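Secondary and tertiary structure notes
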Amino acid sequence: MSEHLSEQELQRRESLKALRDLGIDPYPAAEFETTHHAAPLLEAFADDEANQEFKAVSLAGRIMTKRIMGKASFADLMDSTGRIQLYLNRDEICPGDDKALYNDVFKKHLDIGDFIGVKGFIFRTRMGEITLQVQELTVLSKSLKPLPVVKKDEEGNVYDAFTDPEQRYRMRYVDLVVNEGVRETFAKRTRILNAMREFFNQYGYLEVETPILQPIPGGAAARPFITHHNALNMPLYLRIANELYLKRLIVGGYEGVYEFSKDFRNEGMDRTHNPEFTVMEIYVAYKDYFWMMDFTEKMLVHVVKAVNNGATKVPFGDKEIDFGQPFKRISMRDAILEHTGFDIDAKSEAELKAACQELGIETDDTMGKGKLIDEIFGEKCEPNYVQPTFITDYPVEMSPLCKRHRENPDYTERFELMINGKELANAYSELNDPIDQRARFEEQLKLSEKGDDEAMFIDQDFLRALEYGMPPTSGMGIGIDRLAMLLTNNASIQEVLFFPQMRPEKKPQLPSKADFEKQGVPANWSEHVLAAYGTVEEFKKQKATQVHQKMNGYRKKNKLDLPALQLEEVQTWNSENN
RNA sequence: GACUCAGUAGCUCAGCUGGUAGAGCAUCUCCCUUUUAAGGAGAGGGUCCAGGGUUCGAGCCCCUGCUGAGUCACCA
């Protein structure tokens, strides 16, 4: 219904009206031409104060603070690059007798958060701060909601920061405006994507786009989102991976293809999982997973340097991650041997289960060999790999799309890159034997029949593609959100997604004037009855005599320009109260 | 899904053993022509997340629910 407005919001609406009464359009259409941006301007001026260009400067941005001292004022203007201080002198911006622009427009009707354009010259204050002296002021856009005011002192201590995660994520626009560093986090995320893209393009690999709506969600073990296509009258799934489509493109003759892919998984949410997330997958023909390990290493070093001023060491929490080459490489078998003393090689399911029990790892009957080994690794080894480490040669049961190891068919030619005890990237020598692939899919089908709702579907078209022949190929996928977390030192995925998934916001339904009018209150009194009683329920509880007296008292107190109420009148307002 | 914590002014937070709802910033009025977490004087601003219960009396205690965060479990 109607929106409850706080005192400050009402005041800003008053200012909006006052601006219009002064003939100022608070939302003008015209372009405002700027000559500079705040941060580079400060730098350039510090280098060469005498330069003529600083005599005529035009900037646009939001007012972030106002410090009024009678006939002179200071304000901070924030644009996309940073903040610069403004100096406004009444008699400079209002040379004639009419001081309204300063006294009324700037001092009274412009608030923190409003967009303005300013023209003037740059100088240094007595305190040494580089400042724009304003000669012309243009209102560009009025802000009706007060921004949180975050302050910072000389030592960089932040006061009254806007910290509530719920509000920060729901109103990311506010977070971006007032919290220093948030925009930089997302700029860095984009630099990561750009650096990675640049690296792949150097090799001549092709960036492609494949379907997000898929009839069969393949390429990973995960629960998909399901939707429905009306014209085809069939279910469609949101993709959980793009692997199978990219491999079809390798069949089609491209040597290297990659895609930055939004994937969707209908699973739990926590600090490291959002229902939609971004993965980069790349497939390169005639390569194997050894080549891909080298390639991944080089690519990451390139990306890390690009976003980290050329350094390969990245702080993360209380740790430091070093992307300096080469990354440690260890097979899963050796990793488990190293951390548990148990050798998984050639062990039966029963032996593995017994080992799990000895190691204190819970198991259940649905777990096959692959799953048991995965549990041991996840429990005992994974957290130890803080520095970038390639774990290689996973058991065949865990990797239905991966080629068997050239030396031991119980294993696959697969690696995962572990950083900070978590998986960051996953890569294979891709399985291109269509007969073996069909058999592996059938294994998955059996798992599915056992009740595993994440087992892979059989994609007949993909198998057909393989039957036409896929060259030996290596593929790699890397979690972009998790990489962004690592490189921006954030422990939560929500910090690197502009709009993380949240439960819908529930707004309490507030009563409006109209609700009171429905009760029979005339339009000229309804807003006052709303103000006096708040809710229809409260109003309905009262007797007509009480309402009569209270509203006449309200009329007097607020000096309403309305005739005093008669009791008979009030009795008609609400048939239930007499 | 389990457990723990949190929700009070626009923002950040206090609120004692259950006894009239508080501070800083922001806002409003007045003073102030190079200030800077500007300053000085004054003022206004509240559905204490919601709904029940206990009580003479609930922001506080109990129950239920909502939202978020954290830990664990599940899950790539």
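Whatever comes next refers back to the structure up there.
Below: a short report on this structure. (Residues numbered from 1 in each chain as written. Chains lettered and ligands numbered in written order. Predicted model: local features only at pLDDT ≥ 70, side-chain atom pairs only at ≥ 80, totals over all residues. Heavy atoms only, no water.)

On to the packing of aromatic side chains. Inspection of the entire model under this criterion finds 23 aromatic pairs. Seen from their ring centres, Y87 and F123 are 5.8 Å apart, and the 70 degrees between their planes marks the pair as edge-to-face. Residue Y87 is located in strand β3 (residues 83–89), and its partner F123 is located in strand β4 (residues 115–124); the two are separated by 36 residues in the primary sequence. For the ring pair Y237 and F457, a centre distance of 6.1 Å and an interplane angle of 45 degrees mean the geometry is tilted. Taken together, the positions of Y237 in strand β11 (residues 234–238) and F457 in the loop between α13 (434–449) and α14 (460–468) put the pair 220 residues apart, joining distant regions of the chain. (Phe/Tyr/Trp six-rings, centres within 6.5 Å; stacked < 30°, edge-to-face > 60°. Helix = DSSP H or I, 4+ residues; strand = E, 2+ residues; numbered from the N terminus.)

Moving on, we get to the side chain of E297. Its place among the elements puts E297 in helix α9 (residues 289–307). Within the structure, E297 has its side chain in polar contact with the backbone nitrogen of F327 (distance 3.0 Å). If near-sequence neighbours (up to four positions away) are discounted, E297 is found in contact with Q325, P326, F327, R329 and F390. (Polar contact = N/O pair within 3.5 Å; in protein donor to acceptor, adjacent residues only side chain to side chain. Contact = heavy atoms within 4.5 Å.)

Let us look at the pairing of strand β10 (residues 226–229). Examined bridge by bridge, β10 and β11 share four bridges and lie antiparallel to one another. By the bridge assignment for β11, I226 is matched with Y237. Hairpin connection from β10 to β11: four residues lie between these consecutive antiparallel strands, with N233 at a positive phi of about 45 degrees. (Pairing = 2+ DSSP bridges.)

The next subject is the nonpolar core. Among the nonpolar cores identified, the biggest contains 44 residues, and M196, M280, I282, F323 and I478 are the most heavily contacted of them. Here this core takes nine residues from α9, the largest share from any one element. Those residues in contact with I478 that lie beyond four places of it in its chain are M196, T278, V279, M280, M299, L300, L424, A425 and L483. In terms of nonpolar packing, the next biggest core, distinct from the first, is built from 27 residues, A38, F45, V57 and L77 among them. (Core = buried A, V, L, I, M, F, W, Y, C linked by side-chain atoms within 4.5 Å. Buried < 20%, exposed > 50% of the residue type's maximum accessible area, 1.4 Å probe, protein only.)

What follows deals with the protein's contact with RNA strand B. Taken together, 54 residues surround RNA strand B, and among them Q11, Q85, K151, R265 and E454 come closest. For RNA strand B, the fraction of protein-proximal atoms (within 4 Å) that sit in sugar or phosphate groups is 59%. At a separation of 3.2 Å, a base nitrogen of RNA strand B approaches a polar backbone atom of G70. Y159 is positioned with one of its side-chain polar atoms (N or O) 3.2 Å from a base nitrogen of RNA strand B. Those elements that place two or more of their residues in the surface near RNA strand B are α1 (7–21), β1 (57–69), β2 (72–78), β3, β6 (151–152) and α5 (165–170). The residue inventory of the surface near RNA strand B, partitioned by class, reads 17 nonpolar, 12 polar and 25 charged. (Near = heavy atom within 4 Å. Nonpolar A, V, L, I, M, F, W, Y, C, P; charged D, E, K, R; others polar.)

In a pair of packed helices, the angle between the axes and the distance between the axes together describe the arrangement. In the contact formed by α13 and α14, the axes pass within 9 Å of each other and the chain directions differ by 160 degrees. The angle between the axes of α13 and α14 places the two elements in the roughly antiparallel class. Taken as a pair, α13 and α14 cross one another with a handedness that is right-handed. Between α13 and α14, the contacting residues are P434, Q437, R438 and F441 on the first element and Q460, F462, L463, L466 and E467 on the second. Along the lines of polarity and charge, the residues of the contact of α13 with α14 split into five nonpolar, two polar and two charged. (Axes fitted to C-alpha atoms, helices over the stretch in contact; angles between N-to-C directions. Parallel < 35°, antiparallel > 145°, perpendicular 65-115°, else oblique. Left-handed = near helix turned anticlockwise from the far one by under 90°.)

Now for the sheet that holds strand β9 (residues 213–214). With antiparallel pairing, the three strands of this open sheet are ordered in space as β9-β11-β10. Where the open sheet ends on each side, the last strands, each with one partner, are β9 and β10.

Next up on the list: the pattern of salt bridges. Enumeration according to the criterion identifies 37 salt bridges in this entry. K142 is the partner of D111 in a salt bridge, and the nearest nitrogen-oxygen pair spans 2.6 Å. In this pair, D111 is assigned in the loop between α4 (100–109) and β4 and K142 in the loop between β5 (130–141) and β6, connecting sequence segments 31 residues apart. (Salt bridge = Lys/Arg side-chain N within 4 Å of Asp/Glu carboxyl O.)

Listing the buried residues of α4 in full gives A100, Y102, V105, F106 and H109. Turning to α4, the residues buried within the fold contact α1, β1, β2, β3, α3 (90–93) and β5.

Further remarks concern the sheet that holds strand β16 (residues 328–331). Overall, mixed pairing links the eight strands, which are arranged β8-β12-β13-β20-β19-β18-β17-β16 in an open sheet. If you trace the sheet from one side to the other, it starts and ends with β8 (206–207) and β16, each paired once. Bridge analysis of strand β18 (residues 414–419) against strand β19 (residues 422–429) gives six bridges, and the strand direction is antiparallel. Opposite I419, over in β19, you have K422 as the bridge partner. Sitting on the sheet, α9 is in contact with β13 (276–285), β16, β17 (389–392), β18, β19 and β20 (473–479), with an inclination near 35 degrees to β20.

We now examine the layout of surface pockets. The calculated volume of the second largest pocket comes to roughly 1,200 Å³. Counting only elements with at least two residues in the lining of the second largest pocket, the list comes to β1, β2, β3, β6, α6 (172–178) and α7 (182–202). Across the lining of the second largest pocket, the residue classes break down as 15 nonpolar, eight polar and 13 charged. (1 Å grid on protein atoms, 1.4 Å probe; cavity = no way out; pocket = protein on both sides within 12 Å on 5 of 7 lines; lining within 4 Å. Points joined across faces, edges and corners; volume = space filled by probe spheres on them.)

Phi angles above zero are rare outside glycine, and Y286 is one such case at about 70 degrees. Tracing the chain through its elements places Y286 in the loop between β13 and α9. Residue Y286 is classed as exposed on the basis of its relative accessible area, which comes to 59%. Even without glycine at this site, N489 takes up a positive phi of about 60 degrees.

Along the chain, V149 falls in the loop between β5 and β6. V149 sits 29 residues away from V178 along the chain, and the two C-alpha atoms are 7.2 Å apart. With near-sequence residues (within four places) excluded, V149 lies in contact with I112, Y159 and D160.

Now for the packing of α1 against α4. Two elements in contact, α1 and α4, have axes whose closest approach is 10 Å; the angle formed by their N-to-C orientations is 160 degrees. The orientation of α1 with respect to α4, classified from their angle, is roughly antiparallel. As α1 runs across α4, the sense of the crossing is left-handed. Contacts between α1 and α4 pair S15, A18 and L19 from the former with V105, K108 and H109 from the latter. Along the lines of polarity and charge, the residues of the contact of α1 with α4 split into three nonpolar, two polar and one charged.

Moving on, we come to the side chain of N242. Topologically, N242 is positioned in the loop between β11 and α8 (243–251). In this structure N242 comes out as buried when scored by relative accessible area, which is 0%. Looking at N242, its side chain comes within polar contact range of the side chain of E259, at 3.0 Å. When neighbours within four sequence positions are excluded, N242 is seen to be in contact with T210, E259, S261, D263 and E281.

The quantities given are spatial measurements derived from coordinates; they are silent on function.
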